[in-house]
Amino acid sequence: MTGTPQPATAPKAISPMRAAMLDFAASRLALGGLVLVVLIALAAIFAPWITPQNPYDLAQLDIMDNNLPPGSESWGGMTYWLGTDNQGRDMLSAIVYGLRMSLIVAGTATLCALGIGMAAGIVAAYFGGRADTLIMRVVDLQLSFPAILVALILLAILGKGVDKVIIALVIVQWAYYARTVRGSALVERQRDYIAAAQGLGLSHARVMFRHLLPNCLPPLIVVATVQIAQAIALEATLSFLGVGVPVTEPSLGLLIANGYSYLLSGNYWISVYPGVALLITIVAINLVGDQLRDVLNPRLRR
Amino acid sequence: MTAPLVAVEGLSKRFTQAQDAAERLATRIGFGAPPGTVHAVDDVSFTVAPGEVVGLVGESGSGKSTIGRMIAGLIPPSDGVIRYDGKDITRRSRAESRAAALQIQMIFQDPMSSLNPRTRVRDIIAEAPLFHGLIRASEVPGFVDATLERVGLDPSVRDRYPHQFSGGQRQRIVIARALAVSPRFLICDESVAALDVSIQAQVLNLFMRLRRELGLSYLFISHDLGVVEHISDRVVILYLGRVVEVAPTEALFAGALHPYTQALLAEVPRLSTEKRRFQPIKGEIPSPLAPPPGCHFHTRCPHAGPRCSREVPRLKAEGPRAAACHLHDGGVA
Amino acid sequence: MTPILDVQDLKTHFFTRAGVVPAVNGVSFTVNRGEVMGLVGESGSGKTVTGFSILGLVDPPGRIAGGRILYKGRDLAELREPEWQAIRGRHIAMIFQDPMMTLNPVLKISTQMIEAVQAHEKISREAARERCRKALARVGIPSPDERLDAYPHQFSGGMRQRVAIAIALLHDPDLIVADEPTTALDVTIQAQILAEVQKLAEESGTALIWISHDLSVVSSLADNIAVMYAGKVVEQGPAPQVLDRPVHPYTRGLIDSIPSRNRRGADLAQIPGMTPSLMHLPEGCAFRPRCAHATNACRAPQEMREMRPGQSARCAHPLGLAEEVPA
């Protein structure tokens, strides 16, 4: 009797992604990190609704309220839970808005860099030969310069502004994604299902983006998670140095910079609290990234 | 005599070790060794008639997989011509040769890596026919079900992912994917080597059934002589990139002409009810980078003579059989 | 004569997040001095895990969950790692399918072999080197003195496996467990290795457990055969008897699926269905869903019973016997 219909070994259709998510949830630390990241993101999205004050609206600020320690009361009966800075901004509101700015800048830059880097890396790995050499030499060149240096030079050329900062971050970061994707794409390229797709007459574009790329995603996701944290840190540094976001719409970095000069005179809250917020954000993102890396790696070799 | 479906003429493939800039410079000056060349496939010719199964047999370094991949269009040949239905498809540059090439499909060895782990079965099967306009989107569900049934799988598995299937089932899905584009010629590259014996029997039966039902032709690449004997009409034996013998299956297994084939047949473990003594041929398979001069096999051949290290034997045909050995072509002296 | 190895009701289970996988679930057999035992099965049968259990090489989440492995009267299942060091490599050795599991790619062969010798015996480097040279010559490696100073990558696959066999033989062990050592090798090289192994087993009186899925290879080497399915031995006995007149339908099915046993071009006799998932075994006989002779009696757990002198099987409807064994 040939060809008896046979049931598959597992009862349900679990996609590889779902299986990975279940594995992820096994680590409480990572889950905690994920919860934190989600909370931070939500806070950033709903900033206008949850903060007592809009620190970017100069009309709401009272310069007389500057440098108040945490817990002080304002004229209008509002409590400055984390004090105010030298402009009279409520620190709590400023931190939440600052987080929002940092996340928007870093998130946008990472997404754009991811897109460009993925495309470049996949094309390099798929075609090999001269395309590969060309793209990878550009990547190597890019990566041999310290990120800060490149960013500073770019911003000196481009000028100030949130969009310029994003552009600078994209240019700094795309090479890293390109290299990562190319690494795993070179391996996946050798597998038989790619040869089969080519044998079936599918176009190069289709094979690259429908077959090769999805199977190179896991290490990319891990790198992207960590790189968001890097982007946040980089933007904070740039803002700290004064070439980042404008003074009127501070990110966490700028807040830290503002308060820097006041540290020694005892008004620690202007620098320290934004610093703590930055720290917590980066740690939470890294926790998620670490667990993702552990979870997604063995899955690759299923 | 019917025109062959697939004809391979003088096919060769050479791999040169790539040198980096420093090595190239050294070679220019005269220091370094010139890049090694592996003659993976050396002047191979054979045909496959419509409806025929040709077994391609060889050990490591024989070039059998390379030949399969060249016919499938995955590796460009260094020399030679590949014809399908009379058309020259050696360089897949023209759309016409590509369209013809769609009728040649390859079934790979490793069922684990021949399926995209992130694609559902129904998309695996329907993707290529949709892409080429062979079916319409509305026809997909019926098409997928029919194809799954043809390979002996229950259509209810269409939404599952590859990792949920066993090795034998995955191989069936690979076959289904190939059948979806209505091929006429299948290249089976060690397609049952990775399967357990009982599953191997199922998949081999499937191959034979498809051949009867769809009139397919096969190039069955394998190192397993037992399997090749069972499924093939004719057998081509390779050693280090060259054809050493060609014969109809029954004739070959009744009595081989070439000493290598004879040794191969003698050494294949067969199920016996008593312990048997192995009398293997001596020596290792030579490295493809430095094959012996003249007849590649002469270093291990019990009948070798002076001529064998000087002169490459030609493939001499005698009726449906052919052998590349001086023993049958004027002697080894 | 006390058997070298007496495996009694061995159970090795893997305790995974998804559940307990009873990879080896009640395996018993004995191997006497100088005998070759062929342990045959397909993927998932538990044959490799059995081999690893005998050498204490099962890693977590797996562990020996029951039974005894008596080596010269001592229970190996009870041993702790320090006690294993004295036995592994010295009295019981293993050969793996991939010789690179034995060989370190960055060390010369001489370094590795001498280390293996000196791990168990206090002899000088020169004496150890001489022993290694003799071992290499014994397995048929030409110019052993030069080859000793080579690295693994300078050997071909077949040669590497010979080196691995030589290492296994260094201390003249009582027992060698070989897990599919020739599966990855070419036919002509496989024949060479098998010829060597045959010769060595006869000369040295070492007992050999040859684990394989290839019945043909096992048939030419083994004195006794044990066929495994879904973690249990389903049939065992002297090789000629089991292969010529198998009693268990699975054994019969395995033999019949071999292409050379079928008429050329005809459909191969095949066993329908697939091996069950070890976590969802059918009740009673694990082979029941695929067996053409199954009845309700097969839903009861089957024990190993002697069907003919020396040949036992786990089946309610054994083949070829005049009387039906009552359920």
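Residues numbered from 1 in each chain as written. Chains lettered and ligands numbered in written order. Predicted model: local features only at pLDDT ≥ 70, side-chain atom pairs only at ≥ 80, totals over all residues.

Some details on the overall build of chain C
Stage number 1. Across its full length, chain C holds 10 helices and 12 strands.
Stage number 2. Rg of the C-alpha trace for chain C: 21 Å, near the compact-globule value of 20 Å for 327 residues, within the 12% margin.
Stage number 3. Principal axes of the C-alpha set define a box for chain C whose edges measure 65 × 50 × 40 Å. (Helix = DSSP H or I, 4+ residues; strand = E, 2+ residues; numbered from the N terminus. Rg over C-alpha atoms; globule rule 2.2 N^0.38 Å.)

Considerations on the overall build of chain A
Stage number 1. Within chain A, the regular secondary structure consists of 12 helices and 2 strands.
Stage number 2. When the helices and strands of chain A are placed in sequence order, the string is α-α-α-β-β-α-α-α-α-α-α-α-α-α.
Stage number 3. For the C-alpha atoms alone, the extent of chain A along its principal axes is close to 90 × 50 × 30 Å.
Stage number 4. Residues classed as buried in chain A amount to 43% of the 302 residues present.
Stage number 5. The contacts in chain A between residues at least 6 apart in sequence include a share of 68% that link residues at least 24 apart. (Buried ≥ 20, exposed ≤ 12 C-beta atoms within 10 Å, placed from the backbone. Contact = placed C-beta atoms within 7 Å.)

A word on helix H5 (residues 140-150) of chain B
Residues and elements named next belong to chain B.
Stage number 1. For H5, the full list of buried residues reads Val144, Thr147 and Leu148. Burial along H5 is one-sided: seen end-on, the buried residues are contained in an arc of 100°.
Stage number 2. Close packing links the buried residues of H5 with helix H4 (121-131) and helix H6 (167-179).
Stage number 3. Gly152 sits one or two residues past H5 and shows a positive phi near 85°. (Arc of directions from axis to C-beta.)

Some words on the nonpolar core
Nonpolar side chains in soluble globular proteins tend to end up buried together.
Stage number 1. Residues Ile122 and Tyr177 of chain A, Ile71 and Phe220 of chain B together with Trp210 of chain C are the most contacted members of the largest nonpolar core, which totals 272 residues.
Stage number 2. Looking at this core, the element that brings in the most residues is helix H4 (residues 91-127) of chain A, giving 21 residues.
Stage number 3. Two domains each put at least three residues into this core: domain 1 (1-91 + 174-275) and domain 2 (103-170) of chain C. (Core = buried A, V, L, I, M, F, W, Y, C linked by C-beta atoms within 7 Å. Domains from an automatic or database assignment.)

Some details on the interface of chain C and chain B
Stage number 1. Chain C puts 39 residues into the contact, and the matching count from chain B is 34 residues.
Stage number 2. At the level of elements, helix H7 (187-204), helix H8 (215-221), helix H9 (239-244) and helix H10 (249-257) of chain C are the ones that each hand at least two residues to the side of chain C that touches chain B.
Stage number 3. The element contributing the most residues to the side of chain C that touches chain B is H7 of chain C, with 7 residues.
Stage number 4. Class assignment for the residues of the side of chain C that touches chain B results in 17 nonpolar, 15 polar and 7 charged. (Nonpolar A, V, L, I, M, F, W, Y, C, P; charged D, E, K, R; others polar.)

A short note on the sheet that holds strand S5 (residues 87-88) of chain B
Residue and element names in this part refer to chain B.
Stage number 1. Sheet architecture is open: 4 strands sit in the order S2-S1-S4-S5, paired in antiparallel fashion. Here the strands that pair on one side only, and so sit at the sheet edges, are strand S2 (37-48) and S5.
Stage number 2. As judged from the 8 bridges shared by strand S1 (residues 6-16) and S2, these two strands associate in the antiparallel manner. Along S2, the bridge assignment pairs Val8 with Phe46.
Stage number 3. Along the sheet face, helix H2 (residues 64-71) touches S1, S2 and strand S4 (79-84) and points at about 115° away from the line of S1. (Pairing = 2+ DSSP bridges. Axes fitted to C-alpha atoms, helices over the stretch in contact; angles between N-to-C directions.)

Things to note about the domain arrangement of chain C
Residue and element names in this part refer to chain C.
Stage number 1. Taken domain by domain, chain C holds domain 1 (1-91 + 174-275) and domain 2 (103-170).
Stage number 2. For domain 1 versus domain 2, the distance between C-alpha centres works out to 26 Å.
Stage number 3. Among the elements that line the side of domain 1 that touches domain 2, the one with the most residues is H7, at 5 residues.
Stage number 4. For the side of domain 1 that touches domain 2, the class distribution of residues is 7 nonpolar, 2 polar and 2 charged.

Description of the sheet that holds strand S12 (residues 321-323) of chain B
Residues and elements named next belong to chain B.
Stage number 1. The 8 strands are arranged S6-S7-S8-S3-S9-S10-S12-S11 in an open sheet whose pairing can be described as mixed. What marks the edges here is a single partner per strand, and that holds for strand S6 (104-107) and strand S11 (316-318). Across the sheet, the mean angle separating the axes of adjacent strands is 20° when strand polarity is ignored.
Stage number 2. Taken together, the 5 bridges between strand S7 (residues 185-189) and strand S8 (residues 217-222) define a ladder with parallel strand orientation. The partner of Phe185 across the bridge, within S8, is Ser217.
Stage number 3. Strands in contact with H2 are strand S3 (53-57), S6, S7, S8 and strand S9 (234-239); relative to S8, the strand with the most contacts, it is inclined by about 150°.

Quick look at the packing of helix H5 (residues 129-144) of chain A against helix H7 (residues 162-189) of chain A
Residues and elements named next belong to chain A.
Stage number 1. It is at 9 Å that the axes of H5 and H7 come closest, and there the two elements cross at 130°. It follows from the interaxial angle that H5 and H7 lie oblique. Crossing geometry of H5 relative to H7 is assigned as left-handed. Between H5 and H7, the residues in contact are Ile135, Met136, Val139, Gln142 and Leu143 and Ala175, Tyr176, Ala178, Arg179 and Arg182, respectively. (Parallel < 35°, antiparallel > 145°, perpendicular 65-115°, else oblique. Left-handed = near helix turned anticlockwise from the far one by under 90°.)

Here we look at the confidence of the model for chain A
Residue and element names in this part refer to chain A.
Stage number 1. Summary statistics for chain A give a mean pLDDT of 81 and a share of 90% for residues scoring 70 or more.
Stage number 2. The element-level mean pLDDT for chain A is lowest in helix H1 (residues 16-24), coming to 71, with helix H9 (residues 204-212) highest at 92.
Stage number 3. Note on residues 1-12: pLDDT is under 50 here. Beyond four places in sequence and across chains, it has 31 contacts. (pLDDT = per-residue confidence, 0-100.)

Considering the packing of helix H6 (residues 147-158) of chain A against H7 of chain A
Residues and elements named next belong to chain A.
Stage number 1. Direction vectors running N to C along H6 and H7 enclose 140°, while the axes themselves pass 9 Å from each other. Between H6 and H7, the angle falls in the class oblique. Pair H6 / H7 crosses with right-handed handedness. In this structure, H6 uses Ala147, Val150, Ala151, Leu154, Leu155 and Leu158 to contact H7, whose residues at the interface are Lys164, Ile167, Ala168, Ile171 and Val172.
Stage number 2. Taken together, the residues that form the contact of H6 with H7 break down as 10 nonpolar, no polar and 1 charged.

Some details on unusual backbone geometry
Residue and element names in this part refer to chain C.
Stage number 1. With omega at 10°, the peptide bond leading from Pro60 into Pro61 counts as cis.
Stage number 2. Tracing the backbone through its elements, the reader meets Pro61 in the loop between helix H1 (47-54) and strand S4 (62-71).
Stage number 3. The residue Ala230 is not glycine, and still its phi comes out positive at about 50°.
Stage number 4. Secondary-structure assignment places Ala230 in the loop between strand S9 (224-229) and strand S10 (232-238).
Stage number 5. For Ala230, a count of 23 C-beta atoms within 10 Å translates into the label buried.

Things to note about the confidence of the model for chain C
All names here are of chain C.
Stage number 1. For chain C, per-residue confidence averages 87 on the pLDDT scale, and 98% of positions sit at 70 or higher.
Stage number 2. Predicted confidence in chain C is weakest over H7, with a mean pLDDT of 81, and strongest over S9, with 94.
Stage number 3. Among the prediction metrics, the complex's ipTM stands at 0.85, with pTM recorded as 0.82.

With respect to the environment of Val7 of chain C
Residue and element names in this part refer to chain C.
Stage number 1. By the element assignment, Val7 lies in strand S1 (residues 5-16).
Stage number 2. Spatially, the C-alpha atoms of Val7 and Gly44 are 20 Å apart, while their sequence positions differ by 37 residues.
Stage number 3. Aside from chain neighbours lying at most four places away, what touches Val7 is Val27, Ser28, Phe29 and Ile69.

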